[in-house]
There are 4 protein chains.
Amino acid sequence: MKLKIGLLGAGRIGKLHGTNLQNAVPDAEVTVVADPFMNADMEAWAESIGIPKCTKDADEVFADPDVDAVFICSSTDTHAEFIMKAAKAGKDIFCEKPIHTDIPKIKEAIKAAEDAGVKLQVGFVRRFDRNHKTVRDVATSGDLGKIYVVKVTSRDPEGPPMSYVEVSGGIFNDMMIHDFDMVRYLSGSEVTEVHAFGAVLTDPDYAKYDDVDTAIVSLKFANGAIGVIDNCRTAPYGYDQRVEVHCEKGCVQDRNDLENEAFISRGDGVFSAKPTWFFLERYNDAFIEEEKEFVECVLNDKPVPVGGNDGLQPVRIAMAAKKSLDEGRPVKLDEIEN
Amino acid sequence: MKLKIGLLGAGRIGKLHGTNLQNAVPDAEVTVVADPFMNADMEAWAESIGIPKCTKDADEVFADPDVDAVFICSSTDTHAEFIMKAAKAGKDIFCEKPIHTDIPKIKEAIKAAEDAGVKLQVGFVRRFDRNHKTVRDVATSGDLGKIYVVKVTSRDPEGPPMSYVEVSGGIFNDMMIHDFDMVRYLSGSEVTEVHAFGAVLTDPDYAKYDDVDTAIVSLKFANGAIGVIDNCRTAPYGYDQRVEVHCEKGCVQDRNDLENEAFISRGDGVFSAKPTWFFLERYNDAFIEEEKEFVECVLNDKPVPVGGNDGLQPVRIAMAAKKSLDEGRPVKLDEIEN
Amino acid sequence: MKLKIGLLGAGRIGKLHGTNLQNAVPDAEVTVVADPFMNADMEAWAESIGIPKCTKDADEVFADPDVDAVFICSSTDTHAEFIMKAAKAGKDIFCEKPIHTDIPKIKEAIKAAEDAGVKLQVGFVRRFDRNHKTVRDVATSGDLGKIYVVKVTSRDPEGPPMSYVEVSGGIFNDMMIHDFDMVRYLSGSEVTEVHAFGAVLTDPDYAKYDDVDTAIVSLKFANGAIGVIDNCRTAPYGYDQRVEVHCEKGCVQDRNDLENEAFISRGDGVFSAKPTWFFLERYNDAFIEEEKEFVECVLNDKPVPVGGNDGLQPVRIAMAAKKSLDEGRPVKLDEIEN
Amino acid sequence: MKLKIGLLGAGRIGKLHGTNLQNAVPDAEVTVVADPFMNADMEAWAESIGIPKCTKDADEVFADPDVDAVFICSSTDTHAEFIMKAAKAGKDIFCEKPIHTDIPKIKEAIKAAEDAGVKLQVGFVRRFDRNHKTVRDVATSGDLGKIYVVKVTSRDPEGPPMSYVEVSGGIFNDMMIHDFDMVRYLSGSEVTEVHAFGAVLTDPDYAKYDDVDTAIVSLKFANGAIGVIDNCRTAPYGYDQRVEVHCEKGCVQDRNDLENEAFISRGDGVFSAKPTWFFLERYNDAFIEEEKEFVECVLNDKPVPVGGNDGLQPVRIAMAAKKSLDEGRPVKLDEIEN
């Protein structure tokens, strides 16, 4: 018995989920895809992977009895609304992050899903990366004793277009948000205070949009641990994604996946491949794992691995970090609506 | 325009190719699968991935006008015969290794494909592994100058059942055959002489079948290089697959892929994951790449990357190695029919 | 022509320098050692490595015409005074860090050496570690373009006795001081602002002395870069000493030296050795390099690699970090006397 | 109480041992050095490290009551003779490898030492390398069960002068001899049969001296294991020294020491340092360990770690390997005088 899925949005991330669901998640099938800009190319893509129905109207998906669950991969401003519509229609929900950038809207959406008794999983895909997951499993297992320090390094290979920066909400919202989720995941605890330093180093245009391209955010956690995240929007050697948890009895960390494991020894040194290029390469398997877990949770009525509150908290931390950067002081999470 | 493929054999390797072709090779579709032991389970598998037709009779596949090419994944003793039938029917051919263990039969099959003007690709999948391929590309590029030494280490995580050992033709035929292909690939040259030492160390039962479980084969190449392969049928830490080419200006080698890139530092040492378990894990992506290249070569009428002669030569080297082991002396390839 | 050295202090670090100077620095010879607690054991040590004279009175060293230069390895509170006496006597000076914990005293000592025209090198030994030095050379060479982020991780294998914590001046003065030097070295720039988070996690007794055992300090640099240091007083896997500089065109970092390069692959994972235990093991070669460079600078009248101002600035940064921790706000270096 | 040592030979290896004994082995002192070519430079070197006496006449050393033990670092053709003289004089003996290239001479020298009741340690320094030693300790501990395969890779950064090749006895005697010792050490077993392939690839001049520059020698061991050594006289990336023992329950191996542990990630890949350049760099600490163990064994009357038979067996294996190469067949060690 396969889970019948309606896909909302056929942009890059929508196509990624749709293709994976059809080809790599045996217990799922996409029965319809909706996109307001539905065109011949999208229809050809849908046909090529066996999605039988295409529409411009998301409401058709919510009304479709042949849809058990939805994947919300549409533009960010539609997420909360679509969650509420799907909840009302009794569909289980996978929603790409973020739910919204406005906290009351996020809470309203979460409440709608709760009230309707449908699943709501938020798309923090890095939790499903085999490297980060191993670090987290070890760190939170207790085998290494108490957690002391949580560290995350995250660098994109190249910056986004300025048109994106203009609307993205800034580095804490569009990039470090994943790392705010990651530190909660790794520590098994909530962030209580943050301090941010930021700089415009890679391209002066970031300053035009009141944004930075490089940032270091220190954190305090409810369990007593402290931590730090460093982000940079450019790293010409590829996507740099490393996490580390230092504990009482040891330290667990991960390295980047490399393009390959060959290495060349020459008179001028030893050469090896660089990290995989970007999130599509690095988190390819994690996306599939994320989709499989959602499908399995729905089919077997289990709690989802990344719930509504996991969608809310990173947004709050991002707000606190931005406030810290703006006001030049550490900011307690208590200062941000919860 | 997709390449329509008839799949011959629905055992482990047949299912692997079939599933990949349906889900991961966009330019291919499997239109029929034949297996003499076709049963409800196989049919369910075929249906689940959208193969529309199942049969017990391979001849239906050869006669099917809706089949452009065949994947021969049936038992080894049928390979040569199926190649000849497919050639006669004008179907392009992907054949799992080995074509046959008998040299005249191999040559007959190769000739049939050549005469019919159909493609014949042999399934030496390791050539498509991104690590080994990088080593080979560097070694044969000339960047490191002349090739001096070629080394291959290959260990299986656990030995096969004795029922397999009884019929497999021995370690040189069933296991080191891949490494004989690999040294030809890495060196870009032909093997001219071999010497084998072997031992029964993991399980005394290998001796019953005139086989060994551990072997070291030294090699000479036509280009002047020398080399060595070491094999062992058991390695409890997983599939050990490493190659190395030492050259005039440097050395290129690869490491194993690991299950993950996390590592734990503790008072008693640093712990990391072991190599991926076996060929299904390690060569998963290589199988897809192999299939894609075959499909692309057929669709665009390009020479296949692993042809008939590449199927023949490793069998000859295996024979020479066995002869060396039996007679306690180095054996020249000239002594083996070509 | 060897440089004749008077050694002040025959405790752990004094013996280390003395033994190295006698055995591993061919252009130096220790002609006298002074220690107020001079005893038979110290005399035996001196004799065993060929130091001809022992005394309890440091003033004998300053007055000794057979002394060209002094190594100040006595207790911290004597450093500034001994610098001034050595300067007055015209001896070149190597002084273990810190010069003093009081800024006016540090400045007075530096000025004395300058006025007397003698060399003054401060013992920040990590600059001479081959790994960190390579990172710094690459980062400041310009090959990687502009510096964006500087990171230092530093963890001791085990905490000091509480009797030391009581008088040490706290984690920023007794431990992170090395890292404050390191970030100046790696960035080639001055720190302009810091923010500190700290925690008592390894042992509640640190709180008694108004100290923390775990700290994360974010930094801003005059060249626009930002950075972070994380310290922890315990790491059961050994001395953890890693640095990283992320730049416009790449990132340069180092790994820990390990006890050995052997590794074991087993069914439960891959095991390798842990980092070298503590600073005596990790920085053994760096101490020798540091001593050689001092001796060479004196003999050839070249500027020392770590001068008086390099002794002063880390103390200022430590003060700013402590102030930040105490006051819960970022602190600009301008707030600290210079 | 220090061991008083007479040093025979003040060439490169003699100076190395002499300097280490004076500076790095606290329980030893060199009281005299003899070299038939003793000159002002050698005397200056001796004086600089505190050796009080120099002579051209080795017999003075044997007659010197102020000498407890000798280090034989003279030319190879004097080793056996000097062992016999030292034995007669009741001096304990450390002798650089090889004792001799002629088996009866080796046996005569060993017997002389045994009859005189003096220690005889042979200079196979690689056994004291911390990496190889760890591999051996794990492999022979039984923790990994039965030994299956022993592998050694050994490449020099650059070939020796042809004047050396002319007299050295060939690659098996002057280079692979260390690896023949290593496989005995790693396996804890004796070699029973060898097969050699060789080639002249780096410089055609090797052929003039009936030598090869690249060789692969397969081996059988008395404990049932099999093994392989590969040698090449050139490796522009530095001294390549890796060993591996594959066992029933796992595999233990080592990596090369690198010049440093820094690495640079850039758009074109990740760059790290190459292996340490040659044996003086790689085995620097091993030489000191070797000397310390000899001194300790003499002072405490313990068996030496590398005895006379350990000096004899690698010579026999080298002879067998040369015979195999010459005759194109595997050679049993039984064929060589023991």
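Reference entry: report on the structure contained in this document. (Residues numbered from 1 in each chain as written. Chains lettered and ligands numbered in written order. Predicted model: local features only at pLDDT ≥ 70, side-chain atom pairs only at ≥ 80, totals over all residues. Heavy atoms only, no water.)

### A few points about the overall build of chain A
Here is step 1 of the chain: Along its length, chain A carries 13 helices and 15 strands.
Here is step 2 of the chain: For a compact globule of 338 residues, the expected C-alpha radius of gyration is about 20 Å, and chain A comes in at 20 Å, within 12% of that figure.
Here is step 3 of the chain: Based on the C-alpha atoms only, the size of chain A along its principal axes is roughly 55 × 55 × 45 Å.
Here is step 4 of the chain: Sorting the 338 residues of chain A into buried and exposed places 63% on the buried side.
Here is step 5 of the chain: Partitioning the intrachain contacts of chain A with sequence separation of at least 6 by distance along the chain shows that 70% fall at a separation of at least 24.
Here is step 6 of the chain: Of the accessible surface of chain A, which amounts to about 12,100 Å², a share of 49% is contributed by carbon and sulfur atoms.
Here is step 7 of the chain: Between the mean site of the 39 positive side-chain charges and the mean site of the 59 negative ones, chain A shows a separation of 4 Å. (Helix = DSSP H or I, 4+ residues; strand = E, 2+ residues; numbered from the N terminus. Rg over C-alpha atoms; globule rule 2.2 N^0.38 Å. Buried < 20%, exposed > 50% of the residue type's maximum accessible area, 1.4 Å probe, protein only. Contact = heavy atoms within 4.5 Å. Areas by Shrake-Rupley, 256 points an atom, 1.4 Å probe, with all protein chains shown as cover. Lys, Arg positive; Asp, Glu negative; His and termini not counted. Charge placed at Lys NZ, Arg CZ, Asp CG, Glu CD.)

### Some thoughts on a negative patch on the surface
Here is step 1 of the chain: Together, Asp285 and Glu289 of chain A together with Asp285 and Glu289 of chain B give the surface a local cluster of negative charge.
Here is step 2 of the chain: At the level of elements, helix H12 (284-299) of chain A together with helix H11 (284-299) of chain B are the ones that each hand at least two residues to the negative patch.
Here is step 3 of the chain: Take Glu289 of chain A: its relative accessible area is 33%, and that puts it in the partly exposed class. (Patch = residues over 30% accessible without salt bridge, like charges linked within 9 Å, V, L, I, M, F, W, Y side chains within 5 Å. Salt bridge = Lys/Arg side-chain N within 4 Å of Asp/Glu carboxyl O.)

### Some details on the interface of chain A and chain C
Here is step 1 of the chain: Facing 42 residues of chain A, the contacting portion of chain C comprises 42 residues.
Here is step 2 of the chain: Here chain A and chain C share an interface that buries about 3,100 Å² over both sides, 66% of which is from carbon and sulfur atoms.
Here is step 3 of the chain: Linking Arg242 of chain A and Glu244 of chain C is a salt bridge whose minimum nitrogen-to-oxygen distance equals 2.8 Å.
Here is step 4 of the chain: Summed over the shared surface of chain A and chain C, the number is 16 residue pairs in polar contact (both at pLDDT 80 or more).
Here is step 5 of the chain: Tallied by class, the residues present in the side of chain A that touches chain C amount to 18 nonpolar, 13 polar and 11 charged. (Buried area = accessible area lost by both parts, 1.4 Å probe. Polar contact = N/O pair within 3.5 Å; in protein donor to acceptor, adjacent residues only side chain to side chain. Nonpolar A, V, L, I, M, F, W, Y, C, P; charged D, E, K, R; others polar.)

### Quick notes on the packing of helix H6 (residues 130-141) of chain A against helix H9 (residues 177-187) of chain A
All names here are of chain A.
Here is step 1 of the chain: Here H6 crosses H9 at 40°, and the two axes come no closer than 8 Å. Taken together, the axes of H6 and H9 are oblique relative to one another. Here His132, Lys133, Val135, Arg136, Ala139 and Thr140 of H6 lie close against H9, whose contacting residues are Met182, Tyr185, Leu186 and Ser187.
Here is step 2 of the chain: Class assignment for the residues of the contact of H6 with H9 results in five nonpolar, three polar and two charged. (Axes fitted to C-alpha atoms, helices over the stretch in contact; angles between N-to-C directions. Parallel < 35°, antiparallel > 145°, perpendicular 65-115°, else oblique.)

### Some points on the relation of the copies chain A and chain C
Here is step 1 of the chain: For these two chains of identical sequence, chain A goes onto chain C by a turn of 180° and a shift of 0.0 Å along the axis, with RMSD 0.0 Å. The superposition of one copy onto the other is thereby described by a two-fold rotation axis. Ranked by how close their C-alpha atoms come to the rotation axis, the residues of chain A are headed by Arg329 of chain A, at 2.7 Å.
Here is step 2 of the chain: Mapped onto chain C, 100% of the interface residues of chain A are again interface residues, and the two copies thus contact each other with one and the same surface. (Least-squares fit on C-alpha atoms with pLDDT ≥ 70 in both.)

### Details of the relation of the copies chain A and chain B
Here is step 1 of the chain: Least-squares fitting of chain A to chain B yields an RMSD of 0.0 Å, with the transformation described by 0.0 Å of translation along the axis and a rotation of 180°.
Here is step 2 of the chain: With an isologous cut-off of 70% or more, the 97% of interface residues of chain A that recur at the interface of chain B puts this contact in the isologous class.

### Structural notes on the packing of aromatic side chains
Here is step 1 of the chain: Counted according to the given criterion, the structure contains 34 aromatic pairs over all chains.
Here is step 2 of the chain: With centroids separated by 5.4 Å and ring planes inclined at 85°, the aromatic side chains of Phe71 of chain A and Phe294 of chain A adopt a geometry described as edge-to-face. Remark: Phe294 of chain A occurs in helix H12 and Phe71 of chain A occurs in strand E4 (residues 69-72); sequence separation between them is 223 residues.
Here is step 3 of the chain: The class for Phe71 of chain A is buried, based on a relative accessible area of 0%.
Here is step 4 of the chain: Judged by its relative accessible area of 0%, Phe294 of chain A falls in the buried class.
Here is step 5 of the chain: A centroid spacing of 5.7 Å and a plane angle of 80° characterise the contact between Tyr239 of chain B and Tyr283 of chain B, whose relative ring orientation is edge-to-face. Highlighted residues: Tyr239 of chain B in the loop between strand E10 (226-232) and strand E11 (240-247) and Tyr283 of chain B in the loop between helix H10 (279-282) and H11, separated in sequence by 44 residues. There is no split in this pair, since Tyr239 of chain B and Tyr283 of chain B are both buried.
Here is step 6 of the chain: Following the ring pairs from residue to residue traces out a cluster consisting of Tyr239, Phe278, Phe279, Tyr283 and Phe287 of chain A. (Phe/Tyr/Trp six-rings, centres within 6.5 Å; stacked < 30°, edge-to-face > 60°.)

### Structural notes on the sheet that holds strand E2 (residues 28-34) of chain D
Residue and element names in this part refer to chain D.
Here is step 1 of the chain: What the six strands build is an open sheet, ordered E3-E2-E1-E4-E5-E6; its pairing is parallel. Two strands bound the open sheet, and with one partner strand each, they are strand E3 (54-55) and strand E6 (120-122).
Here is step 2 of the chain: Here two bridges tie E2 to E3, and the two strands are oriented parallel to one another. From the neighbouring strand, Val33 faces E3, where its bridge partner is Cys54.
Here is step 3 of the chain: The strands touched by helix H1 (residues 12-23) within the sheet are strand E1 (3-8), E2, strand E4 (69-72) and strand E5 (92-95), with E2 carrying the most contacts at an inclination of about 150°.
Here is step 4 of the chain: Relative to E5, helix H4 (residues 79-88) is tilted by about 165°, and along the sheet it contacts E1, E4, E5 and E6. (Pairing = 2+ DSSP bridges.)

### Some remarks on the sheet that holds strand E3 (residues 54-55) of chain B
All names here are of chain B.
Here is step 1 of the chain: Taken together, six strands build an open sheet; the order of strands is E3-E2-E1-E4-E5-E6 and the sheet is parallel. Both edges of this open sheet fall to E3 and strand E6 (120-122), since each of them pairs with a single strand only.
Here is step 2 of the chain: Where helix H1 (residues 12-23) meets the sheet, its contacts fall on strand E1 (3-8), strand E2 (28-34), strand E4 (69-72) and strand E5 (92-95), and the angle it forms with E2 comes to roughly 150°.

### Quick notes on the interface of chain A and chain B
The accessible area lost on association of the parts is a frequent measure of interface size.
Here is step 1 of the chain: At the interface, 30 residues of chain A touch 29 residues of chain B.
Here is step 2 of the chain: Note on chain A versus chain B: buried area summed over both sides is about 2,200 Å², and carbon and sulfur give 49% of it.
Here is step 3 of the chain: A per-residue breakdown of the area chain A buries against chain B is headed by Arg255, Glu261 and Phe263 of chain A, which together make up 30% of the total.
Here is step 4 of the chain: Taken together, chain A and chain B are joined by two salt bridges.
Here is step 5 of the chain: Measuring nitrogen to oxygen at the nearest pair gives 3.2 Å for the salt bridge that ties Arg255 of chain B to Glu261 of chain A.
Here is step 6 of the chain: For the pair chain A and chain B, the number of links is 13 residue pairs in polar contact (both at pLDDT 80 or more).

### Things to note about the state of the cysteines
Here is step 1 of the chain: Across all of its chains, the model carries zero disulfides over all chains by this definition.
Here is step 2 of the chain: Cys232 of chain A takes part in no disulfide bond, and the closest cysteine sulfur to it belongs to Cys251 of chain C, at a distance of 9.8 Å.
Here is step 3 of the chain: Under the relative-accessibility criterion, Cys232 of chain A is labelled buried at 0%.
Here is step 4 of the chain: No disulfide involves Cys297 of chain A; its nearest neighbouring cysteine sulfur is the one of Cys95 of chain A, lying 16 Å away. (Disulfide = S-S within 2.5 Å.)

### A few points about the environment of Asp41 of chain B
Here is step 1 of the chain: Examined against the element boundaries, Asp41 of chain B turns out to sit in helix H2 (residues 40-48).
Here is step 2 of the chain: As for Asp41 of chain B and Lys249 of chain B, which are separated by 208 residues in sequence, their C-alpha atoms are 55 Å apart.

### Digging into the pattern of salt bridges
Here is step 1 of the chain: For the structure shown, the criterion picks out 152 salt bridges over all chains.
Here is step 2 of the chain: Residues Arg233 of chain A and Asp174 of chain A are paired through a salt bridge, measuring 3.0 Å at the closest nitrogen-oxygen approach. Residue Arg233 of chain A is found in the loop between strand E10 (226-232) and strand E11 (240-247), and its partner Asp174 of chain A is found in helix H8 (residues 171-174); the two are separated by 59 residues along the sequence.
Here is step 3 of the chain: Residue classification places Arg233 of chain A among the buried residues on the basis of a relative accessible area of 1%.
Here is step 4 of the chain: We classify Asp174 of chain A as buried; its relative accessible area is 12%.
Here is step 5 of the chain: Ionic contacts of the salt-bridge type, sharing partners, join the residues Lys151 and Glu244 of chain A together with Arg155, Asp230, Asp240 and Arg242 of chain C into one network.

### Some points on the pairing of strand E9 (residues 214-221) of chain A
Residues and elements named next belong to chain A.
Here is step 1 of the chain: The buried count for E9 comes to seven of eight residues, which makes it a mostly enclosed element.
Here is step 2 of the chain: Pairing of strand E8 (residues 191-199) with E9, which is carried by eight bridges, proceeds in the antiparallel orientation. In the sheet register, Gly198 faces E9, and the bridge partner there is Ala215.
Here is step 3 of the chain: In the sheet, E9 pairs with E10 via seven bridges, with the strands oriented antiparallel. Bridge assignment links Leu219 to a residue of E10, and that residue is Gly227.

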